[in-house]
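Reading the structure
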Amino acid sequence: SQQGEEDPQALSIQEGENATMNCSYKTSINNLQWYRQNSGRGLVHLILIRSNEREKHSGRLRVTLDTSKKSSSLLITASRAADTASYFCATDAGQGGKLIFGQGTELSVKP
Amino acid sequence: DAGITQSPRHKVTETGTPVTLRCHQTENHRYMYWYRQDPGHGLRLIHYSYGVKDTDKGEVSDGYSVSRSKTEDFLLTLESATSSQTSVYFCATQGGPGELFFGEGSRLTVL
């Protein structure tokens, strides 16, 4: 069964707007990671947040983690057409480094 | 770019035939993973390896076997392909705790 569930499944916004994606998970974790996948390509790591962290920034990305609610959010600010991709959360529950992925959010940013 | 090469990138085969997908990495990463990606399921872990000749099952391992005789190569074998194994297969590597590096995927169609 999937550890992470993402919401929404699809999101369509205009360039310049912010995009927020949410991820919920079921068990306690060591860290949570976000990945991006362009159509037809492999996944690319965006950011990792550890279980003892609440917020992390990387460029236009902001990730929050609420371990009490077992949820995380990814905010992309000032979105660009090039941000169009699928975004996945993945949880590391400390089982030998294995990551469990959510089903992803498909983001479309229209020029 | 962790220097991950998957081969073949595309393959069409018939039900009942054996298929081997190869993952080759140049980063000397200890951990290697095989995932499959299907619509509505996200990425699901098939098998993983934590060293040469050390492998273990993931959540969807039935019908698949793996081998790792060298650090750089991780092979995924479908002994007798079925239509349910039509999917996109991704190899990933991990040097230590943290992010995964993904290959570009192998698209397999079983007729």
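Scroll up to find the structure this text is about.
Per-chain numbering applies: the sequence of each chain, read as written, is numbered from 1 onward. Both sets of labels track the order of writing: A upward for chains, 1 upward for ligands. The predicted nature of this model means local features are confined to residues of pLDDT at least 70 and side-chain atom pairs, given and counted, to a pLDDT of 80 or more, with totals for whole chains, interfaces and linings taken over all residues. By convention in this description, side-chain values take in all heavy atoms of the structure and omit both hydrogens and water.

Observations concerning the overall build of chain A
Cut-off, in case you're wondering: Put simply, DSSP marks the helices as runs of H or I at least four residues long and the strands as runs of E at least two long, and each gets a number from the N terminus on. Radius of gyration here is computed from C-alpha atoms only, and the compact-globule reference equals 2.2 Å multiplied by the residue count raised to the power 0.38. Under the scheme applied here, a residue whose accessible area is under 20% of the maximum for its type counts as buried, over 50% as exposed, and between as partly exposed, the area being computed with a 1.4 Å probe on protein chains only. A 1.4 Å probe and the Shrake-Rupley method give the accessible areas. Residues count as covered only by the protein chains that appear here. Think of it this way: Lys and Arg go in the positive column, Asp and Glu in the negative one, and His and the chain ends go nowhere. Charged side chains are reduced to one point each, which is NZ for Lys, CZ for Arg, CG for Asp and CD for Glu.
Counting its regular elements, chain A contains zero helices and 11 strands. Sequence-ordered secondary structure for chain A, helices as α and strands as β, is β-β-β-β-β-β-β-β-β-β-β. Here the C-alpha radius of gyration of chain A, 13 Å, is about what a compact globule of 111 residues would show, namely 13 Å. Its C-alpha atoms give chain A principal-axis dimensions of roughly 40 × 30 × 20 Å. Burial statistics for chain A: of 111 residues in total, 46% are counted as buried. When the accessible surface of chain A is totalled, it reaches about 5300 Å², and 44% of it is carbon and sulfur. Between the centroid of the 13 positive side chains of chain A and the centroid of its 11 negative side chains there is a distance of 5 Å.

Observations concerning the state of the cysteines
Counted only if it meets this: We call a pair of cysteine sulfur atoms a disulfide whenever their separation is within 2.5 Å.
Per the counting criterion, the structure on display carries two disulfides over all chains. Note that Cys23(A) is cross-linked by a disulfide to Cys89(A), the S-S spacing being 2.0 Å. Handedness of the Cys23(A)-Cys89(A) disulfide follows from its S-S torsion of about 65°: it is right-handed. Placement of Cys23(A) in strand E3 (residues 19-24) and of Cys89(A) in strand E9 (residues 85-92) is noted, with a sequence separation of 66 residues between them. For Cys89(A), a relative accessible area of 0% translates into the label buried. The disulfide partner of Cys23(B) is Cys91(B), and the gap between their sulfur atoms is 1.9 Å.

Let's talk about the nonpolar core
This is how the line gets drawn: Residues belong to one nonpolar core when they are buried, are Ala, Val, Leu, Ile, Met, Phe, Trp, Tyr or Cys, and are joined through side-chain atoms within 4.5 Å. Contacts are assigned to residue pairs that have any heavy atoms within 4.5 Å of one another.
One finds Met21(A), Leu32(A), Trp34(A), Leu74(A), Ile76(A), Tyr87(A) and Leu107(A) to be the most contacted residues of the largest nonpolar core, which totals 20 residues. Those elements that provide at least two residues to this core are E3, strand E4 (31-37), strand E5 (43-50), strand E7 (61-66), strand E8 (71-76), E9 and strand E11 (105-110) of chain A. Dropping the residues within four chain positions of it, Leu32(A) is found in contact with Cys23(A), Tyr25(A), Ile47(A), Leu48(A), Ile49(A), Leu65(A), Ser72(A), Cys89(A), Ala90(A) and Thr91(A). Counting 18 residues, the second-largest nonpolar core is a separate cluster that includes Ile4(B), Val19(B), Leu21(B) and Phe74(B).

Some words on the pairing of strand E11 (residues 106-110) of chain B
Residues and elements named next belong to chain B. Rules: Here the rule is simple: two strands pair whenever DSSP picks up at least two bridges between them.
Alternating residues of E11 divide into Ser106, Leu108 and Val110, all buried, and Arg107 and Thr109, none buried. Strand direction decides the pairing type here: strand E2 (residues 10-13) and E11, joined by four bridges, are parallel. Paired with Lys11 across the strands is Leu108, a residue of E11.

Things to note about the side chain of Asp38(B)
Residue and element names in this part refer to chain B. We apply this condition: For the purposes of these results, a polar contact is taken to be a pair of N or O atoms within 3.5 Å, where, inside protein, one atom must be able to donate a hydrogen and its partner to accept one; residues adjacent in sequence count only when each atom of the pair is a side-chain atom.
Summarising the element assignment, Asp38 is placed in strand E4 (residues 31-38). Since its relative accessible area comes to 11%, Asp38 is described here as buried. Within the local environment of Asp38, its side chain forms a polar contact with the side chain of Arg44, the two groups lying 3.0 Å apart. Among the polar contacts made by the side chain of Asp38, one reaches the side chain of Ser87 at a distance of 2.8 Å.

Quick word on the interface of chain B and chain A
Selection criterion: In this description, buried area is defined as the sum, over both parts, of the accessible area (probe of 1.4 Å) that is lost when the two are combined. By convention in these notes, a salt bridge is any Lys or Arg side-chain nitrogen within 4 Å of a carboxyl oxygen on Asp or Glu.
Each partner contributes to the interface: chain B provides 21 residues, whereas chain A provides 19 residues. It is Leu43(B), Phe102(B) and Glu104(B) that lose the most area in chain B upon contact with chain A, and together they represent 27% of the buried surface on that side. Counting the contacts that link chain B with chain A gives one salt bridge. The shortest N-O distance in the salt bridge between Arg41(A) and Glu104(B) comes to 2.4 Å.

Points about the pattern of salt bridges
All names here are of chain B. Evaluation of the coordinates by the stated rule reveals eight salt bridges over all chains. In this structure, the salt-bridge partner of Asp73 is Arg22, at a minimum N-O distance of 3.1 Å. Residue Asp73 is located in strand E8 (residues 73-78), and its partner Arg22 is located in strand E3 (residues 19-25); the two are separated by 51 residues in the primary sequence. Residue Arg22 is classed as partly exposed on the basis of its relative accessible area, which comes to 34%. A salt bridge links Asp38 to Arg36, with the nearest nitrogen and oxygen atoms 2.8 Å apart. Each of the two residues, Asp38 as well as Arg36, counts as buried.

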